[in-house]
Each structure stands twice: as structure tokens, then as C-alpha cells.
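Reading the structure
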Amino acid sequence: MYHSRWKGSHYEAGFKYGNLLFKNNKKPNFDKLINSEKLEYSKKAYQIYNKFYSEILDEIQGFADGLKIDFDIVFAFLASMYVFTGDAFCSCIGISNSRGIFLARNSDFDKSIKNLTDSAFYKIDNGYSFVGNTTAMIQMEDGINRKGLACGLTFVYPTVKGVGFNAGFLIRYILEKCSTVDQARVFLENVDIGSSQNIIVIDKSGEILLAELNSNDRYFEQINGGCIYRTNHFISNKMAKYKAEIEDDIYSHDRYETLEYANSSLFDIDDIKSLLSGRFGFMCQYDRNSQFDTLWSSIYDLKNNKIYRCEGNPSRKKYCIDKRW
């Protein structure tokens, strides 16, 4: 797992990272990852990103310039992620109890990109600094910012899609721009959304937000204290009609049941590590011969302002504290 650092203006941060990849001959082959449909989609999505988050376009432009690749190619790759694909399998839980306030997440994905994953430290001008983890770049999948707000996503297989923000850019925006759950909710209520996902947001007050989202509908649940969790399907009655009629070969329902039956009202940091490691039921015990696995596991301890991350499957590897924070 890379540990990248991004600082300065959005353009400067993007250019520096893109140029570093170029100089080290690690230029991604975006041409293999996009097609004419994704290019046309990204042209429509550009206007939405420009309306809600124009700075991110500056960062992508800098990244593209550093790599010496056309902006349209890079943006098409990033904007179409989660909208056109169905291969991210994660579990996420927010906990606020007498022993602490935590967001925890297992990131499960295709093992072939294991060495390309990144834990990025952002200190961008005019935005909150944050640590975020990703299987790509620029967009994020879980993280925490300096205001003590943490969030994470779980992908849901899309039965509908539209033009708008994808899951990774929703998380990135929240980390950079929001300091409270209420601010994150206002953003998620108003932004155009393209992909299907669950998002959990938690802040230092113990407020927890669940958002089940796709391009057609949105469901929100907000509590102060307690526990909210999701895997890779919608649970609310409102979003049930978007269930994909496919085999659950990623164990989304098994993982959900493990989270559901755990007595999280009493959990501390060690209990959460045990939960994500599969000691209370199925969470990450994938067949070693399968194509996917847990690539990292994150725990954000909001009261103590600590980040615990296991870079690999937590049933086999240990958590370490991120000392950049």
C-alpha cells in the first residue's frame, strides 16, 4: 500500500503526484480502462462536478498534466468508476457508545490491484486535511479529517445509473469539505448522484448518518449514539426495489448478519478489531484461491484521534497506528 502525500493547491497536488508516477515509469494505461460510452458519460458528468466541486477538476487536470495524458481520458476513467463496474465488496460500521466513537471498514476488492492501493495524506489549500484510503487515486473510499469526521462507503451493484458523483468522489468531498454529519447530509441530499452505494458518516459528537443512495432515490437515517452498519446491498424498504437479481457470491448477506448480531453497544477498539478480523462470524475469511480478498481494514477512533489500519486481510495481519496523523 502506497502512503502518498498531497499538498498545496489542488492543481499543484495533482501535478506533483502525476509527475512522480511519470518519472518513475508508472504511468497507468487508462486507454485499456475506458471506452466511448465512458467518454460520453464523463462529458455530461463534467458539468455536475464543476457545479459542486470545481477544485477536484483542477486536481485531475494537474494529475493529467503531470502524467502527460489528456484530461478527458483521466476524467473519464475516474468519473465512470462505480457507475459502470460492479466489483467492490466492502463492510462498514459506525459505533458511538460509552467506550468511544468509531468508524470501521473492511475494503474488499480484486487482489490484482493490491499493490496499487494507497493511503493518502491530504493537506490541500482551502480544505480540511485528511487521511483517506483508495483503490484508485484522487477519489476516496474511507477516511477521517482534522475536524474529527470519518466516513466510508460500501458499493451496491447498480440496477440503475445516472449522471453525477460516484461513490469515491462523494467520500472525497465529505472528507475535504464537511466538519459535521449535518453538513455531509446536506451535500448528499442535494448533489446529483450517478452510482449506487451506502455511505456512513460519523462525527465527534457521536452523530451517525447512513445514506443509501443511487441515481433515482435516497434514503437517510440519522442517530445520536448507537450503531449503523452496511455491506453491499440496500436494507431500507425505500431502496429494496433496486435489489440486483444476482448470486451473492461476495457474501454480502453473511457479512451483514455478522455485523447485525455483534453486541456493538459494548465494543471498544479491540472488539472492533476482532469483529473485522472475523472472530465473531464471517467478515473476511475468503477462499485464498478466489480472486478477491480484504485489501485493507480501517478503524477510526474519533475520541482519541487515532487511525488504525491493517494493510492486508485482518485475519492474517496486524493493525498499526498511522503516525502521519
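Under the annotation held in an unreviewed UniProt entry, the protein chain carries the name Choloylglycine hydrolase and is attributed to Anaerococcus octavius.

Here T134 is to be found in strand β5 (residues 130–134). Residue T134 is classed as buried on the basis of its relative accessible area of 1%. For T134, the side chain forms a polar contact with the main-chain oxygen of Q139, separated by 2.9 Å. Residues within four places of T134 in sequence aside, it is in contact with T117, D118, Q139, M140, E141 and W296.

The next point concerns the packing of aromatic side chains. Applying the stated criterion across every chain, the model contains 25 aromatic pairs. Taking the centre distance of 5.2 Å and the plane angle of 55 degrees together, the rings of Y229 and Y256 count as tilted. Of this pair, Y229 sits in strand β11 (residues 226–230) while Y256 sits in helix α7 (residues 252–261), and the two are 27 residues apart along the sequence. Y229 gets classed as buried once you look at its relative accessible area, which sits at 15%.

Right, let's get into the UniProt feature "domain: Peptidase C45 hydrolase" (unreviewed entry) in the protein chain. Feature annotation in UniProt assigns "domain: Peptidase C45 hydrolase" (unreviewed entry) to the following positions: residues 100–315. With 18% helix and 34% strand, residues 100–315 has its two end C-alpha atoms placed 23 Å apart.

Moving on: the domain arrangement of the protein chain. Examined at the domain level, the protein chain breaks down into domain 1 (5–83) and domain 2 (89–322). For domain 1 and domain 2, the distance between their C-alpha centroids amounts to 24 Å. Of the residues lining the interface, 27 residues belong to domain 1; the matching set on domain 2 comes to 33 residues. For the pair domain 1 and domain 2, the two sides together bury roughly 2,800 Å², of which 66% comes from carbon and sulfur. On the surface where domain 1 and domain 2 come into contact, there are 3 salt bridges. A salt bridge links E59 to R172; the shortest N-O distance between them is 2.8 Å. Where domain 1 packs against domain 2, one counts 17 residue pairs in polar contact (both at pLDDT 80 or more).

What counts and how
- Residues numbered from 1 in each chain as written.
- Predicted model: local features only at pLDDT ≥ 70, side-chain atom pairs only at ≥ 80, totals over all residues.
- Heavy atoms only, no water.
- Helix = DSSP H or I, 4+ residues; strand = E, 2+ residues; numbered from the N terminus.
- Buried < 20%, exposed > 50% of the residue type's maximum accessible area, 1.4 Å probe, protein only.
- Polar contact = N/O pair within 3.5 Å; in protein donor to acceptor, adjacent residues only side chain to side chain.
- Contact = heavy atoms within 4.5 Å.
- Phe/Tyr/Trp six-rings, centres within 6.5 Å; stacked < 30°, edge-to-face > 60°.
- UniProt positions renumbered as here; feature names shortened; annotations may be inferred.
- Domains from an automatic or database assignment.
- Buried area = accessible area lost by both parts, 1.4 Å probe.
- Salt bridge = Lys/Arg side-chain N within 4 Å of Asp/Glu carboxyl O.

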